[in-house]
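Letter by letter, the chains look like this.
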Amino acid sequence: MQTKDFGQLGFKTSIFGMGCMRLPEVQTGEGRQVNETEAIKMIRYAIDHGVNYLDTAYGYHDGASELIVGKALQDGYRDKTKLATKLPLWKVKTFADCERIFEEQLAKLQVESVDFYLLHAVKADRWQKVQELKILEFLEELRKAGKIKYIGFSFHDQLEVFKEVIDAYPWDMCQIQLNI
């Protein structure tokens, strides 16, 4: 697997990362569910073949993605990859929601910390909420406590809003909609 420097963060990442938004599913009597066995096998296969960046989020697969990624990262796999997850801004109404959701994510992922914590799907109204609730300060506190290493955001709006967000904080990374 080819690698490249991850910006100026001091490590190399595989040029191919694994997003865990669309894991394999099966039809059950209750609807579609992630095929946990196959998903774990896929994640571990990717890591075994050099992928060292995994991306998940609170809402992926109705919350099942973080649980499955957590299971896949057992048995030493956590040490082989950078892990990213995201704060679902649409679920945040108060500052306390940020804390509750983050702790829930750590439990689901079965980790004490994540490498990248992103504000999920930033757009104009959510960016306003980030500022009003002082969510960036919350992220800084998580970093100081060693619960996250890098702060970022994923983006879903117009260029004008992107420029405002990118200029407002010294982000470690941003994730845009660019997939193969």
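Bear in mind the structure is a predicted one, so any value in this text is a computation, not a measurement.

A.B. asks: Tell me what's going on with the overall build of the protein, and back it up with residues and numbers.
C.D. replies: Along the protein, the regular secondary structure elements total six helices and 10 strands. Computed over C-alpha atoms, the radius of gyration of the protein comes to 16 Å, within 12% of the 16 Å expected from 2.2 N^0.38 for 180 residues, which places it in the range of a compact globule. Expressed along its principal axes, the backbone C-alpha trace of the protein runs to roughly 40 × 40 × 35 Å. Burial analysis of the protein (180 residues in total) assigns 47% to the buried set. Long-range pairs, those at least 24 residues apart, make up 68% of the contacts in the protein with a sequence separation of at least 6. Of the accessible surface of the protein, which amounts to about 9800 Å², a share of 50% is contributed by carbon and sulfur atoms.

A.B. asks: Describe in detail the packing of helix α1 (residues 36-48) against helix α2 (residues 64-72), supporting the description with residues and values.
C.D. replies: Running from N to C, α1 and α2 point in directions that differ by 55 degrees, and their axes come no closer than 9 Å. The orientation of α1 relative to α2 falls into the category oblique. As for how α1 packs across α2, the hand of that crossing is right-handed. Contacts between α1 and α2 pair Glu36, Ala39, Ile40, Ile43 and Arg44 from the former with Ile68, Val69, Lys71 and Ala72 from the latter. Residue composition of the contact of α1 with α2, grouped by class: six nonpolar, no polar and three charged.

A.B. asks: Can you break down helix α5 (residues 135-144) residue by residue, with the values?
C.D. replies: For α5, the complete set of buried residues consists of Ile135, Leu136, Phe138, Leu139 and Leu142. Looking straight down α5, one finds that the buried residues subtend no more than 155 degrees of arc, so they occupy a single side. On the buried face of α5, the contacting elements are β7 (82-88), α3 (95-109), β8 (114-122), α4 (124-132) and β9 (148-155). Positive phi appears at Gly146, one or two residues downstream of α5, with a value of about 80 degrees.

The rules we used
- Residues numbered from 1 in each chain as written.
- Predicted model: local features only at pLDDT ≥ 70, side-chain atom pairs only at ≥ 80, totals over all residues.
- Heavy atoms only, no water.
- Helix = DSSP H or I, 4+ residues; strand = E, 2+ residues; numbered from the N terminus.
- Rg over C-alpha atoms; globule rule 2.2 N^0.38 Å.
- Buried < 20%, exposed > 50% of the residue type's maximum accessible area, 1.4 Å probe, protein only.
- Contact = heavy atoms within 4.5 Å.
- Areas by Shrake-Rupley, 256 points an atom, 1.4 Å probe, with all protein chains shown as cover.
- Axes fitted to C-alpha atoms, helices over the stretch in contact; angles between N-to-C directions.
- Parallel < 35°, antiparallel > 145°, perpendicular 65-115°, else oblique.
- Left-handed = near helix turned anticlockwise from the far one by under 90°.
- Nonpolar A, V, L, I, M, F, W, Y, C, P; charged D, E, K, R; others polar.
- Arc of directions from axis to C-beta.

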